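Structural description and commentary
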Protein chains: 2
Amino acid sequence: MLKNSTRYSLRRILLGERLASRELTEEKLPKWKALPIFSSDVLSSIGYGPEQIALVLVLPGMILYNYYPWIIAAVIALMLIVTVSYSQVIKVHPDGGGSYSITKQYLGEYPALLAGASLCADYALTVAVSVSSGTDALVSAWPALVPYQIAINLAVLFGVLMLINLRGIREASTAFVWPTYAFLIAALALIASGLYQIIALGQMPSVPPAPAEGSVSGAALLFLLLRAFANGCSSMTGVEAIANGSDSFREPRARNAKLTITMMAALLSSLLAGLGFLIWYHGILPQPDQTLLSALTAAVWGRGTGYFIFQLLTMIILYLAANTAYNGLPPLLSFLARDGYMPRYLANRGGRLSYDNGIILLSVAAAALIVIFHGNVEHLISLYALGVFLSFTLAQLSLCVHWRRQAGKNSLLHWAVNAFGALVTGGVVLVIIVTKFLHGAWLILVFLPAMIYLFRRIRAHYDLIAKQLMISHEEYTAYMAAEPTVHYVLLPVASPTRAVARAIRYARQLVPPERIIAVHIATDIEYGEKVRRRWEDWNPDIRLQVVESPYREISEPLIRFVRDFQSLHPQSPVTVLIPEFELDSLPYRFLHNQQGVLLRWQLLNQLDVIVTTVPLQLASTETDSLQNE
Amino acid sequence: MLKNSTRYSLRRILLGERLASRELTEEKLPKWKALPIFSSDVLSSIGYGPEQIALVLVLPGMILYNYYPWIIAAVIALMLIVTVSYSQVIKVHPDGGGSYSITKQYLGEYPALLAGASLCADYALTVAVSVSSGTDALVSAWPALVPYQIAINLAVLFGVLMLINLRGIREASTAFVWPTYAFLIAALALIASGLYQIIALGQMPSVPPAPAEGSVSGAALLFLLLRAFANGCSSMTGVEAIANGSDSFREPRARNAKLTITMMAALLSSLLAGLGFLIWYHGILPQPDQTLLSALTAAVWGRGTGYFIFQLLTMIILYLAANTAYNGLPPLLSFLARDGYMPRYLANRGGRLSYDNGIILLSVAAAALIVIFHGNVEHLISLYALGVFLSFTLAQLSLCVHWRRQAGKNSLLHWAVNAFGALVTGGVVLVIIVTKFLHGAWLILVFLPAMIYLFRRIRAHYDLIAKQLMISHEEYTAYMAAEPTVHYVLLPVASPTRAVARAIRYARQLVPPERIIAVHIATDIEYGEKVRRRWEDWNPDIRLQVVESPYREISEPLIRFVRDFQSLHPQSPVTVLIPEFELDSLPYRFLHNQQGVLLRWQLLNQLDVIVTTVPLQLASTETDSLQNE
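Reading the values: rules and limits
Residues numbered from 1 in each chain as written. Chains lettered and ligands numbered in written order. Predicted model: local features only at pLDDT ≥ 70, side-chain atom pairs only at ≥ 80, totals over all residues. Heavy atoms only, no water. Helix = DSSP H or I, 4+ residues; strand = E, 2+ residues; numbered from the N terminus. Rg over C-alpha atoms; globule rule 2.2 N^0.38 Å. Buried < 20%, exposed > 50% of the residue type's maximum accessible area, 1.4 Å probe, protein only. Contact = heavy atoms within 4.5 Å. Areas by Shrake-Rupley, 256 points an atom, 1.4 Å probe, with all protein chains shown as cover. Phe/Tyr/Trp six-rings, centres within 6.5 Å; stacked < 30°, edge-to-face > 60°. Salt bridge = Lys/Arg side-chain N within 4 Å of Asp/Glu carboxyl O. Axes fitted to C-alpha atoms, helices over the stretch in contact; angles between N-to-C directions. Parallel < 35°, antiparallel > 145°, perpendicular 65-115°, else oblique. Left-handed = near helix turned anticlockwise from the far one by under 90°. Least-squares fit on C-alpha atoms with pLDDT ≥ 70 in both. Pairing = 2+ DSSP bridges. Polar contact = N/O pair within 3.5 Å; in protein donor to acceptor, adjacent residues only side chain to side chain. Nonpolar A, V, L, I, M, F, W, Y, C, P; charged D, E, K, R; others polar. Disulfide = S-S within 2.5 Å. Patch = residues over 30% accessible without salt bridge, like charges linked within 9 Å, V, L, I, M, F, W, Y side chains within 5 Å. Expected span 1.5 Å × (residues − 1). Bend = angle between axes of the 7 residues up to and from the residue. pLDDT = per-residue confidence, 0-100. Lys, Arg positive; Asp, Glu negative; His and termini not counted. Right-handed = clockwise from strand over helix to strand, strands pointing away.

Turning next to the overall build of chain A. Of the regular secondary structure elements, chain A holds 24 helices and 7 strands. A globule of 629 residues ought to have a C-alpha radius of gyration of about 25 Å, yet chain A, at 33 Å, is considerably larger. The buried share of chain A, reckoned over its 629 residues, is 56%. Long-range pairs, those at least 24 residues apart, make up 81% of the contacts in chain A between residues at least 6 apart in sequence. Just so you have it, chain A exposes about 26200 Å², and 65% of that area is on carbon and sulfur atoms.

Printed below as a string of structure tokens:
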């Protein structure tokens, strides 16, 4: 008991008091808290989105920055289309669950599983990309930390994100509100300073742009621009978070969620436009040792206090962005688990009402991605946008089906909005597949069918188990009324101790002595003989079988003995009765081999027998034994 | 079954076929094999012993090499004394076990435990020092391997030594015979070449010795020389191996073992004298990047083929020396375990008749030493000789007691030999403690009492357990004849499945229905209500208790329920009957939480209840279920 309460109090310190199931409804978010929580992902993407566009536009000996503003504009336009279309998703489905639930309802199992798999990939990548980018922002300001990048990533992942989320959503949210707002203000201030310097002070570009697209042919240029656009779409990942999590909003949920998504789109558009303009105007190029945003900030503000504060805020908001996925994936996994496509325990709420298993799974998956890709954001981003846009497209197609079924007044207009949205995002999917295929998109195209296969296998298994476990009232009654079977008890005896005496007495209460068979596995033949003589003296009515074990194994010959016995008595249930002594103190257990534990496990796994452990409680030390008296 | 046989065949490839207990006697060594096995430790010590002396004699700005031959001579003299004295140990105790067994017989428990603890420290350090030195020899020849030193050490330890020893002693020995003889020949050839160059060719010292002891005062000089002598004694570790392992010799054991120890002493003396002379004559100084033996070989033979072959042989013999400890510690641990001072399973012979657990324990301990001391031989050697000489002294003191008790013809002479030996080695113990106290000897002086305390605690625990388990015939008869107690069955029910049906039927065979209490832990109140209604409908004669679990735990409220039930029925044994389904395929088990396994473990650890698992075998996939039909 003491050990247990210590464990609980350590848990309590880290995760807070447990919450009862009835406290669930209180965990809801007001708009001013929901905005930072759900939009940190989208807003933080300015930490890497504009840089991803720039990376494609800079070729050896040639800079295509004159196309930069157009690509930014295209991303903003795309975002507005998706936002309008997604407002309708929220309206129709205020219960959350996002693409997966909606697609399941309107398009059926396979599209729903495709959406689910896409979102799984998306969320895990969100965490990996955001955490890596946050650390990039940090080491841009303090290059001395470069060697510790992966360690910092993992510390943030497990030490901060996982822990905060295991504590549960309400407390997490409070921690998120102020940094996100502070980042927003700082980013807007940066844009304002930049514009002020240009318009009021007439500042010239720090680096004159060097357009030299002469040697890029039309088709190659189009391909490059489409790839830059595809990269830019990484800024939009996270738009779906509000739709997926709209059940976390306070009532009226749909209205609050719609207002929040609109707000978010407006903010991201402003940031993208403003920062994109400044990057283009100053001709700031991607650099290996710092982020593009860091270089821009240094160009506008210099590397002073303002710069360092903004880098820290960028870092924090990127880490918080990773948190968006923690609000998204665990509930999604719980939906999949409830439908039998993922292990059932992903649907269990933990002590703090959060989906603990999903949170831990997400942390482990993101850590694996960070370690495998060495925290290199570029590699991860190429895997990134595809899943998101696939799920966008599926959700909007589902809505189209919904509007077709409905005969409402504006349903044709609604249909048109979603159909157009689906067309655009579907186009983006194609663009990403084509332009990024070799840069990692192929991995996603392998991952998605593999996941769908896995989902289906898991579901088939659960269905089969349910079918086998189900019993009708008639079957039950017949089973209970059946003739009682002749039942045997097998009793392994190492040496005739008090523990064995207790087991024999128990066995005698279960069955008559002629149906008890004691077994001694003799690793030492002389000792086996001694046991046999004493047994015959003490228990003349119970048969003892001495089985020689020349290779000094215990479990193996015993299991063979039980199996042989069962094949001689195929109709009779067999109970193996294991005498065991239990110690009150853990360290002393290491002085005894855990034969009993192992044997129990092997018997249940390898044979069809009932296994009973008859314990005898012993004191480990003299002090304990005095206390017990 | 398939999984099991695969496991066994992997085991068979790595470790060979299992050996039956009756094959034990065949695993005995002829002299020509025993010599290399037991003397590789002693012989290999010329790989570091002479260097350890040199290290002390080289001070900043001053080289005391004129004392070098005297210290070598003192070590040789000491060795001859110990060898003579130890021949008597073998004669009196041909059954092996060495200092521990002998001391136990003549001096009692505490001195025996002191000897045992000393030997434990000695053997673990032997492995660490020899493996590290072997790798030093290797990287002296190929400096490019320096960065991988620790990795090489660990690979040799686990990949070679542990594996070879788990295969069993006879096969190990064959692998050892030739390298040891080759090393011996090479070392004698090196000495012969060196002497030939000096005597026949009149070669001058390569580096003129620079004695400058003027500034070292008498007491400080004495201290230095004693420390150099103490360091040199590290060459003698391993002399005891033959006495400890003399039961591995072919009959007549005592005579064969005595011949072997004499042979060994003669060989080591020759090598020490020869190499010591050459080192002194050429004034070869310790160097950071190669071993002293490597420098000497390069001086005599040049860095040609002969040099590289000798370095490789040195490496191999040092690795083999580590193996000596594998022949020593596991049997010692088995003696300690049989006497109840160490965990019992250290006395079990594995599938190949070797003491597997001791072999693994030794490997892990040596690996820990190597990692903690970064494979730095110097640090380890300062911990080294103390334990060995303590055990020498105790063994010889025991023999003195033996001769005093015996009234034989030569017993006074025998007594004198052993008493003189004990006096000398006891003196060495004092010298080591005084001169090396700050250089690590203090660690051993902390370790030894700690180990003795641990031995005693373990023994006290085993004694107490034995006392509690023991039951006399009268007690047994009375216990069996006692009035049968009223017995209850508690049956946790998650949902009313076929698995539960099987458990209920079993429970009804054990006790009448009014003594069965079903318990449903309700994490969901509505579902709990549903279970209750169905239960009352299907099993009207068995009471179902629904326990609310607001925090969604299962084990905790269940254990509380069982505990409360027991306190209401303090006289009645309680059986908890766990319905469980078993899957035929391991990967599918991960789709189900292991609630049953966990619950079983918690119940047995936290309460005094009998725990029975009633399994229901299920198919994991449709294919399996077809096969089963």
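All told, the structure shown has 28 aromatic pairs over all chains when counted by the stated rule. Between Y307 of chain A and F308 of chain A, the aromatic rings sit 5.1 Å apart at their centres with planes inclined by 80 degrees, giving edge-to-face as the arrangement. Since its relative accessible area comes to 0%, Y307 of chain A is described here as buried. Seen in terms of ring centroids, F277 of chain B and W280 of chain B are 5.9 Å apart; in terms of plane orientation they differ by 45 degrees. Their pairing is tilted.

A few words on unusual backbone geometry. A negative phi angle characterises most non-glycine residues, just as the trans form characterises most peptide bonds. Although it is not a glycine, R552 of chain A adopts a positive phi angle of roughly 65 degrees. Along the chain, the position of R552 of chain A falls in the loop between β5 (543–548) and α21 (555–568).

Our next topic: the pattern of salt bridges. All names here are of chain A. Enumeration over the complete set of coordinates arrives at 20 salt bridges over all chains. Residue R532 is joined to E529 by a salt bridge in which the shortest nitrogen-to-oxygen separation is 2.3 Å. On the criterion of helical spacing, the pair formed by R532 and E529 is a turn pair, its members being 3 residues apart in helix α20 (residues 525–538). For R532, a relative accessible area of 25% puts it in the partly exposed group. Each of the salt bridges in this network shares a partner with another, and the network as a whole consists of E529, R532 and E536.

Residue and element names in this part refer to chain B. For the pair helix α6 (residues 109–141) and helix α7 (residues 149–167), interaxial distance at closest approach is 9 Å and the crossing angle is 125 degrees. When the axes of α6 and α7 are compared, the pair comes out oblique. Along this stretch, α6 crosses α7, giving a crossing that reads as right-handed. Each of V127, V131, S132, T135, D136, L138 and V139 in α6 lies in contact with α7, whose residues at this interface are Q149, I152, N153, V156, L157 and L161.

Let's shift gears to the relation of the copies chain A and chain B. Expressed as a screw transformation, the operator carrying chain A onto chain B has a rotation angle of 180 degrees and an axial translation of 0.1 Å, and the superposed copies differ by an RMSD of 0.2 Å. Given the turn and translation reported, the copies of this chain are related as if by a two-fold rotation axis. If distances are taken from each C-alpha of chain A to the rotation axis, the shortest is found for T612 of chain A, at 2.0 Å. The share of interface residues of chain A whose copies in chain B are also at the interface is 98%, consistent with both copies meeting through the same surface.

Next up on the list: the sheet that holds strand β3 (residues 488–492) of chain B. Taken in spatial order, the 10 strands of this open sheet run β5(A)-β4(A)-β3(A)-β6(A)-β7(A)-β7(B)-β6(B)-β3(B)-β4(B)-β5(B), and their pairing is mixed. Edge positions in the open sheet fall to β5 of chain A together with β5 (543–548) of chain B, since each of these has one partner strand only. For this sheet, the mean angle separating the axes of adjacent strands, direction not counted, is 25 degrees. Here 3 bridges tie strand β7 (residues 610–618) of chain A to strand β7 (residues 610–618) of chain B, and the two strands are oriented antiparallel to one another. Note that in β7 of chain B the partner of V611 of chain A across the bridge is T613 of chain B.

Attention shifts here to the interface of chain A and chain B. Of the residues lining the interface, 93 residues belong to chain A; the matching set on chain B comes to 91 residues. Run the count over chain A and chain B and you get 4 salt bridges. Salt-bridge contacts for R498 of chain A lead to E475 of chain B; the nearest nitrogen and oxygen are separated by 2.9 Å. Across the chain A-chain B interface, the total number found is 48 residue pairs in polar contact (both at pLDDT 80 or more). It is helix α19 (residues 498–510) of chain A that contributes the most residues to the side of chain A that touches chain B, 10 residues altogether. Partitioning the side of chain A that touches chain B into residue classes produces 43 nonpolar, 26 polar and 24 charged.

Turning our attention to the state of the cysteines. Two cysteines joined by a covalent bond between their sulfur atoms form a disulfide. Residue and element names in this part refer to chain A. Using the criterion set out here, one finds 0 disulfides over all chains in the structure. Left unpaired, C233 is separated from the closest cysteine sulfur, that of C400, by 20 Å. Overall, the relative accessible area of 0% leaves C233 in the buried class.

On to a nonpolar patch on the surface, then. All names here are of chain A. Residues F437, L438, W442, L443, L445 and V446 make up a contiguous nonpolar surface patch of about 570 Å² in total accessible area. Here L438 lies in helix α17 (residues 411–469). Taking the relative accessible area as the measure of exposure, L438 reaches 73% and is therefore exposed.

Because each turn of an α-helix spans 3.6 residues, side chains separated by three or four positions end up pointing in the same direction. Residues and elements named next belong to chain A. The end-to-end C-alpha distance of helix α2 (residues 31–44), which contains 14 residues, comes to 19 Å, matching closely the 20 Å that a straight helix rising 1.5 Å per residue would cover. At F38, α2 shows its strongest bend, of approximately 45 degrees. Among the 14 residues that make up α2, 12 are buried, leaving the element largely enclosed by the rest of the structure.

Take the pairing of strand β6 (residues 574–583) of chain A next. All names here are of chain A. Counting buried residues in β6 gives 9 out of 10 residues, a clear majority hidden from the surface. Across 3 bridges, the pairing between strand β3 (residues 488–492) and β6 is parallel. Of the residues in β6, the one forming a bridge with Y488 is V574.

Residues and elements named next belong to chain A. Per-residue confidence for chain A gives a mean pLDDT of 86; residues scoring 70 or more make up 93%. Per-element mean pLDDT across chain A ranges from 57 in helix α24 (residues 622–628) up to 96 in β3. Note that residues 1–5 has pLDDT below 50 and, in this model, 3 contacts with residues that lie over four places away or in other chains. With a pTM of 0.78, the predicted complex shows an ipTM of 0.80.

Another aspect to go through is the environment of P331 of chain B. Residue and element names in this part refer to chain B. Note on placement: P331 falls in helix α13 (residues 305–338). By relative accessible area, which is 22% here, P331 ends up partly exposed. Taking the C-alpha atoms as reference, P331 lies 12 Å from Y123; in sequence the two are 208 residues apart. P331 has contacts with Y326 and Y355, leaving out every residue within four places of it along the chain.

The subject of this paragraph is the packing of helix α4 (residues 68–92) of chain A against α17 of chain A. Relative orientation and spacing of two packed helices are given, respectively, by the angle between their axes and the distance between those axes. Residue and element names in this part refer to chain A. Viewed as axis vectors pointing N to C, α4 and α17 meet at an angle of 130 degrees, and their least axial separation amounts to 9 Å. In terms of orientation, α4 and α17 fall into the oblique class. Two packed elements cross with a definite hand, and for α4 against α17 that hand is left-handed. From α4, L78, I81, V82, V84, S85, Q88 and K91 reach across to α17, where they touch H414, V417, N418, F420, G421, V424, T425 and V428. The residue makeup of the contact of α4 with α17, split by class, is 8 nonpolar, 6 polar and 1 charged.

Our focus in this paragraph is the side chain of D41 of chain B. Residues and elements named next belong to chain B. The residue D41 is located in helix α2 (residues 31–44) in this model. Put simply, D41 is tucked away with no salt bridge, and the nearest opposite charge, on K436, sits 17 Å away. Those residues in contact with D41 that lie beyond four places of it in its chain are Y48, T126, T237, G238, A321, T324 and Y384.

Residues and elements named next belong to chain B. Of all 7 residues that make up strand β4 (residues 516–522), 7 are buried, and the element is covered over most of its length. Two elements, β3 and β4, share 4 bridges in a ladder whose sense is parallel. Residue P492 lies in a different strand from β4, and its bridge partner there is V519. Regarding the hand of the β-α-β motif, the stretch spanning β3, helix α20 (residues 498–510) and β4 is right-handed.

What follows concerns the side chain of Q290 of chain B. Residues and elements named next belong to chain B. Relative to the helices and strands, Q290 is located in the loop between α11 (253–282) and α12 (292–301). A polar contact of 3.0 Å, which involves the side chain of Q290, links it to the side chain of Q287. At 2.4 Å, the side chain of Q290 and the side chain of S294 are in polar contact.

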